[in-house]
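Observations on chain architecture
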Amino acid sequence: MTAEAPVADAQRQRVLDHAAGVWSASSRYAVVLLLLLGIFAYFSMTQPDFLSQANIENLLTSSSILFVVSIGMTFVVLTGGIDLSVGSLLALSGIVLSTLFNDWGLAAPLAVLLTCLIAALIGGAINGVLIGKVGLSFFVVTLGTLSLYRGIVNIWSDTETTYITSGFVDGIGFGKLAGVPYPVWIMVATYVVGLVVLRWTYFGRDVYAVGGNIAAARLSGINVARTLILVYAIAGLCAGIAGVIQAGRLGAASPLVGESTPLDAAAAVLLGGTSFLGGVGGVTGTAVGVLFIGTLQNGLSIAAVSSFWQQVVTGAILIVAISIDRIQQQGGLRRRRGTGL
C-alpha cells in the first residue's frame, strides 16, 4: 500500500501536468478560434455569397500566401525574434523566379525550386548569420534587410511588373488536385511539416529552448547560432514559397507585393498564441490566426468595406494580439509566484 502510493501520486501528477500543458497551449488561441467561428457565422448570415464554393476557395487561396509566410514567422517568434524582411524577400523571390525563367531560360519546375532554395539561403546567410553568429539585434537586422531587399527589388525590376508566361507557374496559383486548389494543398503541407518539425524533432525542441531561455539553452549544449540560422532560413524558405504562389496568382513578378505581409504575419502568429518573448506557441495557433484574419478580410471585402479600413482593422487586431499576449504572460507569472515555481 505504501509502496504503491508514491507511484500512483507520481502518475497522477504526470497526468495533471500533461493536461495543464495541453490547456495552456490550446487556451492561448481558443478565444480566437471562437471569434473565427463567430465571424464566419455572422458573414454567412449577412452576406449571401459568403458560403458559395467560389468564395470559400477564394478565401483559402487568398490566405495561402499569408499562411505560408506565417508558418515560417512562427519559427522565428518562437525563438524570441521577428522577421520584418519576409515581405520584401517575398517580392524578391518573384523577381528571382522571373529572371531564372524569362532571362535564363530555365525550366519552370527548376526555376521554382531554385527560387525557394535561394530565398532560404538569403534568409539564413544574412539574417540568420547576423543575428545568430554576430549577435546583432533581430529588429535592427531585419529592419535593415527589409529596406535592402526592397531596394534590390526596385533596382532589379526597374519598378516594373514582369509577366511570367508558364503553365506550370500558373498551375501553382490556380490549378487543382482532387478538386482542391494547389495553394490549399501547399498550405496543408506547410502546416504538417511545421507541426512535425516543432513537435517531434530535436530541432523543434531546440527552437523552444532558445526562445524559452537562450542562456540556459547554451549551457545545455544547444548550438544556439545554428538554431537561429536555420530558423531564419526556414522563414526565408516560406517567403520564397509564398513568392512563387504570388507570382502564380498574378501571372507576373511585381515589385509592389508583400509590403503589409510582415505585420499581417506577426498579427496572425500572436493571435495564434505564440508569445512575442518566445518559447510558447506553435503552428496550430498560427493557422487559426491566419484563417481569422483571412475570413475577416474576405467578409469585409464582400461587404464592400474599403481596403483602407481593412488595414485599420488589421492594425487594431495586432494591438489586441500583443495586449492579450502581455496579459497572458502576466497571468502566468502571477500563477508561478503563487505556486512557488
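Just so you know, these numbers come straight off a predicted model, no measurement behind them.

The next point concerns the overall build of the protein chain. Along the protein chain, the regular secondary structure elements total 13 helices and four strands. In the protein chain, of all internal contacts separated by at least 6 residues, the share reaching a separation of at least 24 is 77%. Element-wise, carbon and sulfur atoms account for 68% of the exposed surface of the protein chain, whose accessible area totals about 16800 Å².

Our next topic: the packing of helix α6 (residues 167–174) against helix α7 (residues 182–200). Running from N to C, α6 and α7 cross one another at 70 degrees; their axes reach a closest spacing of 5 Å. Considered as vectors, α6 and α7 are oriented roughly perpendicular to each other. Between α6 and α7, the residues in contact are Gly-171, Ile-172 and Gly-173 and Tyr-182, Pro-183 and Ile-186, respectively. Grouping the amino acids of the contact of α6 with α7 by side-chain chemistry returns four nonpolar, two polar and no charged.

Before going further, it helps to spend a moment on the side chain of Ser-70. Relative to the helices and strands, Ser-70 is located in helix α2 (residues 53–78). Overall, Ser-70 belongs to the buried group, its relative accessible area being 0%. Separated by 2.7 Å, the side chain of Ser-70 and the backbone oxygen of Leu-66 make a polar contact. In this structure Ser-70 touches Ala-265, Ala-268, Val-269, Thr-286 and Val-290, once residues within four positions along its chain are discounted.

Turning our eyes to something else, we now look at the packing of aromatic side chains. Counting across every chain of the model gives three aromatic pairs. With a centroid separation of 5.7 Å and 40 degrees between ring planes, the pair formed by Phe-43 and Phe-50 is classed as tilted. Both residues of the pair, Phe-43 and Phe-50, count as buried. The structure contains a cluster of three or more aromatic residues connected by ring pairs, namely Phe-40, Tyr-42, Phe-43 and Phe-50. When the ring centre of Trp-200 is taken as reference, the NZ or CZ atom of Arg-199 above it lies at 5.6 Å.

Each value, and the rule that gives it
- Numbering of residues begins from 1 in every chain and follows the order in which that chain's sequence is written.
- The predicted nature of this model means local features are confined to residues of pLDDT at least 70 and side-chain atom pairs, given and counted, to a pLDDT of 80 or more, with totals for whole chains, interfaces and linings taken over all residues.
- Just so you know, side-chain values use all the structure's heavy atoms and leave hydrogens and water out.
- Strands here are runs of E lasting at least two residues and helices are runs of H or I lasting at least four, both read from the DSSP assignment and numbered beginning at the N terminus.
- Between two residues, a contact is recorded if the distance between any of their heavy atoms is within 4.5 Å.
- Per-residue and other accessible areas follow the Shrake-Rupley method at a 1.4 Å probe size, with only the shown protein chains counted as cover for residues.
- Fitting a line to C-alpha atoms yields each axis, with helices limited to the stretch in contact; the angle taken between N-to-C directions then spans 0 to 180 degrees.
- Every angle not falling under 35 degrees, over 145, or within 65 to 115 is termed oblique; those three ranges are roughly parallel, roughly antiparallel and roughly perpendicular.
- Residue polarity is assigned by list, with Asp, Glu, Lys and Arg as charged and Ala, Val, Leu, Ile, Met, Phe, Trp, Tyr, Cys and Pro as nonpolar; anything else, Gly included, falls into the polar class.
- Each residue is placed in one exposure class: buried if its accessible area under a 1.4 Å probe, protein chains only, is under 20% of its type's maximum, exposed if it is over 50%, and partly exposed if it falls in between.
- The definition of a polar contact used here is a pair of N or O atoms within 3.5 Å, where within protein one atom must be able to donate a hydrogen and the other to accept one, and adjacent residues in sequence count solely through side-chain atom pairs.
- Note on aromatic pairs: the rings of Phe, Tyr and Trp (six-membered ring only in Trp) are paired at centre separations within 6.5 Å, and the planes decide the class, stacked below 30 degrees, edge-to-face beyond 60, tilted for the rest.
- Working rule: Lys NZ or Arg CZ, within 6 Å of ring centre, within 35 degrees of ring normal, means a charge sits over the ring.

Function-wise, these values are silent; they only describe arrangement.
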